[in-house]
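Structure at a glance
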Amino acid sequence: MANEAAVDKSDAKIIGADSEVLMHFSIKLSDGSAVDSTKVDNKPAKFVMGDGSLTPGFEECLLGLAEGTSETFTLAPESAFGLPNPDNFHYVELSKFSTDVPAEIGTIITFNQPDGTELPGIIREIVADSVTVDFNHPLAGQTVTFEVDVLEVL
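Residues numbered from 1 in each chain as written. Predicted model: local features only at pLDDT ≥ 70, side-chain atom pairs only at ≥ 80, totals over all residues. Heavy atoms only, no water.

Attention shifts here to the packing of aromatic side chains. Taken as a whole, this structure holds 4 aromatic pairs when the rule is applied. The interplanar angle of 45° and the centroid separation of 6.4 Å between the aromatic rings of Phe 81 and Phe 146 together place this pair among those described as tilted. Of this pair, Phe 81 sits in the loop between β4 (70-75) and β5 (89-93) while Phe 146 is found in strand β9 (residues 144-153), placing the two residues 65 residues apart along the sequence. A centroid spacing of 6.5 Å and a plane angle of 90° characterise the contact between Phe 97 and Phe 111, whose relative ring orientation is edge-to-face. In this pair, Phe 97 sits in the loop between β5 and β6 (108-112) while Phe 111 sits in strand β6, placing the two residues 14 residues apart along the sequence. Residues Phe 97 and Phe 111 agree in their burial class; the two are buried. In textbook terms, an aromatic cluster arises when at least three aromatic residues are bridged by ring pairs, as seen for Phe 58, Phe 81 and Phe 146. (Phe/Tyr/Trp six-rings, centres within 6.5 Å; stacked < 30°, edge-to-face > 60°. Helix = DSSP H or I, 4+ residues; strand = E, 2+ residues; numbered from the N terminus. Buried < 20%, exposed > 50% of the residue type's maximum accessible area, 1.4 Å probe, protein only.)

Shown next, in the form of structure tokens:
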């Protein structure tokens, strides 16, 4: 063994449909702006394939990648966070907002649901006494680029 420091990729574990994965990732929009990255705090993400923490389109990109692999994928909205659903736009009376939580276009506000959960919505429009709140995923309709560094496959 002349070069023991060389990594033998043939022994690397491959991501399968039920693998547990430790990885760094970054999500960027088509203009190059970063939306999220585990590298900011140097805390890699750990998840199990198929557990619902990633979209099916993103998981599909990861299948077959080996430990130590770095890849970049560009996903259309349909494969990333979906297209905006018009049924997820709701109209709220302006009087429901307060000075503590004012209605301002672009603001993300958390609304309490009857079951006690919270649902974030983005204020998209204010017309007279009506506020349009978008409950779609904030990245719905966006083409995104995922940069992935697969650290470990368990």
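Back to the write-up after that little detour.
As a further point, take the sheet that holds strand β8 (residues 130-134). Pairing within the open sheet is antiparallel, and its 4 strands lie in the order β5-β8-β7-β6. The open sheet has two edge strands, β5 and β6, and neither has a second partner. The mean angle between the axes of side-by-side strands here comes to 45°, regardless of whether they run parallel or antiparallel. Here β6 runs beside strand β7 (residues 118-127); their pairing, made up of 5 bridges, is antiparallel. Bridge assignment links Thr 110 to a residue of β7, and that residue is Pro 120. (Pairing = 2+ DSSP bridges. Axes fitted to C-alpha atoms, helices over the stretch in contact; angles between N-to-C directions.)

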